[in-house]
Amino acid sequence: MSSNRSDNNRKVVIDILLDMEQQRTFLGDALDKALRKMQFADKKDRSFITREAEGISEYLLSLDKIIGGFSKTPVKKLRPIIRNILRLGIYEMLFMDSVPSRATINECVNMTKAHNMMKLSGFVNAVLRSVDRKLTEEDYYKVESTQESNENTTCDAMISNELLVEKELIRLERIAKVFGFKTLSEKYSAPEWLVSKLSSIYGEEKTEKILSASFTRKKLTIRYNRTLTTKEELRDKLTEKGIAVSDGKYSDSALQISDIDFVRRLPGYKEGLFSVQAESSMRAVEALEIKEGMKVIDLCAAPGGKSLYTAELLGGTGEVVSRDISDDKIEKISDNMTRLRLANMKVEKADATVFDEKLSGSFDIVIADVPCSGLGVMGRKSDIKYRLKPEDIASLSELSRSILTNAVRYVKPGGKLLFSTCTILPEENEENARWLLDEFKGDMSIESQNHFVQGLDYTDGFYFSIFRKND
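**Quick notes on the nonpolar core**
Here is step 1: Among the nonpolar cores identified, the biggest contains 75 residues, and Ile-16, Tyr-59, Ile-90, Leu-94 and Phe-179 are the most heavily contacted of them.
Here is step 2: Ranked by residues supplied to this core, first place goes to helix H5 (residues 80-95) with ten residues.
Here is step 3: With sequence-adjacent residues up to four places away left out, Ile-90 is seen in contact with Leu-63, Ile-66, Ile-67, Leu-128 and Val-131.

**A closer look at helix H12 (residues 231-239)**
Residues spaced three or four apart along an α-helix face the same direction, because each turn holds 3.6 residues.
Here is step 1: When H12 is considered as a whole, its buried residues turn out to be Lys-231, Leu-234 and Leu-238. Seen along its axis, H12 keeps its buried residues to an arc of 70°; they face one direction.
Here is step 2: The elements touched by buried residues of H12 are strand S1 (220-224), strand S2 (245-247), strand S3 (254-257) and strand S4 (274-276).

**Details of the packing of aromatic side chains**
Here is step 1: On inspection of all chains with the given rule, the structure shows eleven aromatic pairs.
Here is step 2: Ring centres of Tyr-188 and Phe-215 lie 6.1 Å apart, and the angle between their planes is 50°; this geometry places the pair in the tilted category. One end of the pair, Tyr-188, is in the loop between helix H10 (184-187) and helix H11 (192-212); the other, Phe-215, is in the loop between H11 and S1, and 27 residues separate them in sequence.
Here is step 3: For the pair Phe-355 and Tyr-410, a centre-to-centre distance of 5.3 Å together with 10° between the ring planes defines the contact as stacked. Here the residue Phe-355 occupies a position in the loop between strand S7 (345-349) and strand S8 (363-369), and Tyr-410 occupies one in helix H17 (residues 390-410), the gap between them amounting to 55 residues.
Here is step 4: Stacked on the ring of Tyr-269, the Lys or Arg Arg-339 has its end atom at 3.9 Å from the ring centre.

**What about the sheet that holds S2?**
Here is step 1: Strands sit in the order S2-S3-S1-S4 across an open sheet of four strands; the sheet is antiparallel. Two strands lie at the open edges of the sheet, namely S2 and S4, each paired on one side alone. Along the sheet, successive strands turn relative to each other by an average axial angle of 35°, direction set aside.
Here is step 2: Here S1 runs beside S4; their pairing, made up of three bridges, is antiparallel.

**Description of the pattern of salt bridges**
Here is step 1: According to the stated counting rule, one finds 34 salt bridges in the structure shown.
Here is step 2: Between Asp-29 and Lys-332 there is a salt bridge, and its shortest N-O distance comes to 3.8 Å. Remark: Lys-332 occurs in helix H15 (residues 327-340) and Asp-29 occurs in helix H2 (residues 27-37); sequence separation between them is 303 residues.
Here is step 3: Judged by relative accessible area, Asp-29 falls into the partly exposed class, the value being 39%.
Here is step 4: Here Lys-231 makes a salt bridge to Asp-247, at a shortest N to O gap of 3.3 Å. Here Lys-231, found in helix H12, pairs with Asp-247, found in strand S2; they are 16 residues apart in sequence, far enough to count as distant.

**Points about empty space enclosed by the protein**
Here is step 1: Counted by the stated rule, this structure contains one cavity of 30 Å³ or more.
Here is step 2: Of the pockets and cavities examined, the largest cavity occupies roughly 30 Å³.

**Side note on the pairing of strand S6 (residues 319-324)**
Here is step 1: Buried residues dominate S6, accounting for five of its six residues.
Here is step 2: Bridge analysis of strand S5 (residues 295-298) against S6 gives four bridges, and the strand direction is parallel. By the bridge assignment for S6, Asp-298 is matched with Ser-322.
Here is step 3: Once the chain exits S5 it traverses helix H14 (residues 305-313) before rejoining the sheet at S6, and the crossover so formed is right-handed.
Here is step 4: Taking the sense of rotation as the criterion, the β-α-β connection linking S6, H15 and S7 turns out right-handed.

**Considerations on the packing of H2 against helix H3 (residues 43-58)**
Here is step 1: Where H2 contacts H3, the two axes come as close as 11 Å, and the packing angle between them is 160°. Classified by the angle their axes make, H2 and H3 are roughly antiparallel. Between H2 and H3 lies a crossing of right-handed hand. Where H2 approaches H3, its residues Leu-27, Leu-31 and Leu-35 are matched on the opposing element by Arg-46, Ile-49, Thr-50, Ala-53, Glu-54 and Ser-57.
Here is step 2: Of the residues belonging to the contact of H2 with H3, the class tally is five nonpolar, two polar and two charged.

**Focus: the environment of Glu-331**
Here is step 1: Note that Glu-331 resides in helix H15.
Here is step 2: What makes Glu-331 partly exposed here is its relative accessible area of 48%.
Here is step 3: Each C-alpha atom, one on Glu-331 and one on Ala-302, is 9.0 Å from the other, the two residues being 29 residues apart in sequence.

**Considerations on a negative patch on the surface**
Here is step 1: The grouping of Glu-232, Glu-233, Asp-236 and Glu-240 at the surface amounts to a negative patch.
Here is step 2: Here Glu-233 is to be found in helix H12.
Here is step 3: Overall, Glu-233 belongs to the partly exposed group, its relative accessible area being 48%.

**Describing the state of the cysteines**
Here is step 1: This structure, assessed with the given rule, holds zero disulfides.
Here is step 2: Free of any disulfide, Cys-300 has its nearest neighbouring cysteine sulfur in Cys-372, separated by 10 Å.
Here is step 3: A residue is classified by how much of its surface remains accessible, and Cys-372, at 18% relative accessible area, is buried.

Here is what the cut-offs are and how they apply
Residues numbered from 1 in each chain as written. Predicted model: local features only at pLDDT ≥ 70, side-chain atom pairs only at ≥ 80, totals over all residues. Heavy atoms only, no water. Core = buried A, V, L, I, M, F, W, Y, C linked by side-chain atoms within 4.5 Å. Buried < 20%, exposed > 50% of the residue type's maximum accessible area, 1.4 Å probe, protein only. Helix = DSSP H or I, 4+ residues; strand = E, 2+ residues; numbered from the N terminus. Contact = heavy atoms within 4.5 Å. Arc of directions from axis to C-beta. Phe/Tyr/Trp six-rings, centres within 6.5 Å; stacked < 30°, edge-to-face > 60°. Lys NZ or Arg CZ within 6 Å of the ring centre and 35° of its normal. Pairing = 2+ DSSP bridges. Axes fitted to C-alpha atoms, helices over the stretch in contact; angles between N-to-C directions. Salt bridge = Lys/Arg side-chain N within 4 Å of Asp/Glu carboxyl O. 1 Å grid on protein atoms, 1.4 Å probe; cavity = no way out; pocket = protein on both sides within 12 Å on 5 of 7 lines; lining within 4 Å. Points joined across faces, edges and corners; volume = space filled by probe spheres on them. Right-handed = clockwise from strand over helix to strand, strands pointing away. Parallel < 35°, antiparallel > 145°, perpendicular 65-115°, else oblique. Left-handed = near helix turned anticlockwise from the far one by under 90°. Nonpolar A, V, L, I, M, F, W, Y, C, P; charged D, E, K, R; others polar. Patch = residues over 30% accessible without salt bridge, like charges linked within 9 Å, V, L, I, M, F, W, Y side chains within 5 Å. Areas by Shrake-Rupley, 256 points an atom, 1.4 Å probe, with all protein chains shown as cover. Lys, Arg positive; Asp, Glu negative; His and termini not counted. Charge placed at Lys NZ, Arg CZ, Asp CG, Glu CD. Disulfide = S-S within 2.5 Å.

Now the structure itself:
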């Protein structure tokens, strides 16, 4: 990669970080916005930007702790552009083995000057050189370069995902040793309250597995659109373009692909041949045992994965009403519905907390994927753990109960309710399931309950339970 291209890519990363920090944009949205502008750029450039933006976001607290160890000015009081340039520089030195530290430092100094902060260029240079000196003294680069050399002697296709996971976890151990990180919070860049909460639920050993799962390279899971293609046809279409494809672990509808930087450029995406969806979410829909002709409503549907899968399983029969609360969310669902060419589905804007009397008892299936803390998808949405506050969890649980109350009223006698979340906290999952049974005692019975935990299972953290309304 040429020097100018690298410089431009770093500027894009800084813009993403500033968008997240100053506009409170979620990482996924900020990254998607940037990559859309670069969709015809070289794949290596998009991959570089994706890796850096996601990596810096994932390791944010730990990067700030390192900066704080070499800066007399508290990290929070640094100018946003300086703070993010330092984060970028230190991240590259720690994680981007192919980028020489001197090149990183030089470009970070140049970026500082380019933002009319000439007087602070010396400060940026001093902090980054101090970090570089520390890493050199601790032989960090020597160990990392040796690992990189050994890895490069093997064909990429032969490197197992397990080896890549092990390499990343070894790296985190090295960083913790160099900078004296003692706690799981410091090592895995997680708020102390969150580490404490997870430890109280899962114990320290499992909590470390949950937190470390965020740092391992992940495959993208897609679901083939059975109304337009077959699993085998889609697999062939992807492999013809040199994309490594493997079967999912929990759903027959799932395929997994690696090293994807921009999903919209994948073969078959524009034609609607597949959707991106976690296997845990696929399993929730499959557990409903969808039958042709059913009438289904999805109350909190965006971006539409469960609605879309349900419509596909209905095979052009029945009806799926897909609802969400905002115009942006409705637009995302509509775009996906159009792309997948699903005629038995309609999209509506509605607030799930407000009961719609005309829909009472109207549906064979009601899907309530309720708002939650999102702690099951920290690995894909790394900024969740920084935005979430302890007090948010109780309020989210209350919000869920208001939606579930309405959801029960929409189910026909003999019909089913799917209650699901993408969190791993019992008070948002099992406790709300017990509440529902108590609240509607005699009217609702539970058929099944499933809980996936990232780091312990081979998918995102996810909970779902299936209830039946008694006749």
